[in-house]
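Reading the structure
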Amino acid sequence: MANAVSGMAVHDECKLKFVELKAKRNYRFIIFKIEDQEVVVEKLGSPDETYEDFTESLPANECRYAVYDFDFITDENCQKSKIFFIAWSPDTSKVRSKMVYASSKDRFKRELDGIQVELQATDPSEMSLDIIKGRAL
């Protein structure tokens, strides 16, 4: 197990799409999954998709990593955006899957330069829009 995890690869597309989200704002969100010992892009959310579209794209019973570009207005009325890294690990997912995602998370996150807020969620209430807003400010 330890050998498999330390050898977790990150597909180049993951980094390329993240750079496009960060620099060009081509996407609202990116959902990543681990497939055959490699982190790959599963879904790209277009800029006009909502936070609800994003949360509905996460599988109810499987772990995922996700990046979400959250736009908000500060108390001083300034338009801002923060890039969230979300580790989605539902209670109902398989134990082995949770272990693989948990042990690979930090290494994968290091590949994505520009993450501003990290969030770990085991059910939808832990990543509600109110929580996202609270963490962004």
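Residues numbered from 1 in each chain as written. Predicted model: local features only at pLDDT ≥ 70, side-chain atom pairs only at ≥ 80, totals over all residues. Heavy atoms only, no water.

**Quick word on the layout of surface pockets**
The condition is simple: Here the term cavity refers to a set of points on a 1 Å grid, laid over the protein atoms alone, in which a 1.4 Å probe fits but cannot get out; the term pocket refers to an open set having protein on both sides within 12 Å along at least five of seven lines, with lining residues being those that place an atom within 4 Å of a point. Grid points are joined across faces, edges and corners, and a volume is the space filled by probe spheres set on the points. Every helix listed is a DSSP run of H or I at least four residues long, and every strand listed is a run of E at least two residues long, numbered separately from the N terminus. In this classification, the charged set is Asp, Glu, Lys and Arg, the nonpolar set is Ala, Val, Leu, Ile, Met, Phe, Trp, Tyr, Cys and Pro, and all remaining amino acids, among them Gly, are polar.
Computed from the structure, the largest pocket encloses a volume of approximately 290 Å³. Lining the largest pocket we find 15 residues, and of these I34, E35, E62, S97 and Y101 sit closest to its centre. The set of elements that each furnish at least two residues to the lining of the largest pocket consists of β2 (29–35) and α4 (95–111). Per-element accounting of the lining of the largest pocket gives the leading share, four residues, to α4. Grouping the amino acids of the lining of the largest pocket by side-chain chemistry returns four nonpolar, four polar and seven charged.

**Some remarks on the pattern of salt bridges**
For side chains bearing opposite charge, pairing can occur when the charged atoms are close. To be explicit about the condition: Any Lys or Arg side-chain nitrogen found within 4 Å of a carboxyl oxygen on Asp or Glu counts as a salt bridge. Residue burial is assigned from relative accessible area. The probe radius is 1.4 Å, only protein chains are included, and a residue is buried under 20% of its type maximum, exposed over 50%, and partly exposed in between.
Tallying each qualifying case throughout the model produces 11 salt bridges. A salt bridge links K17 to E20; its shortest N-O distance comes to 4.0 Å. In this pair, K17 and E20 both sit in helix α2 (residues 12–24), three residues apart, roughly one turn of the helix. Looking at K17, the relative accessible area reads 17%, which means it is buried. Of the residues examined, E20 reaches a relative accessible area of 18% and is grouped as buried. A salt bridge links R28 to D71; the shortest N-O distance between them is 3.0 Å. With R28 in the loop between α2 and β2 and D71 in strand β4 (residues 64–73), this pair connects stretches of sequence that are 43 residues apart. D71 gets classed as partly exposed once you look at its relative accessible area, which sits at 30%. Each member of the salt-bridge network shares a partner with another, and the members are K33, E35, E42, E62 and R64.

This is a description of form; function is not addressed.
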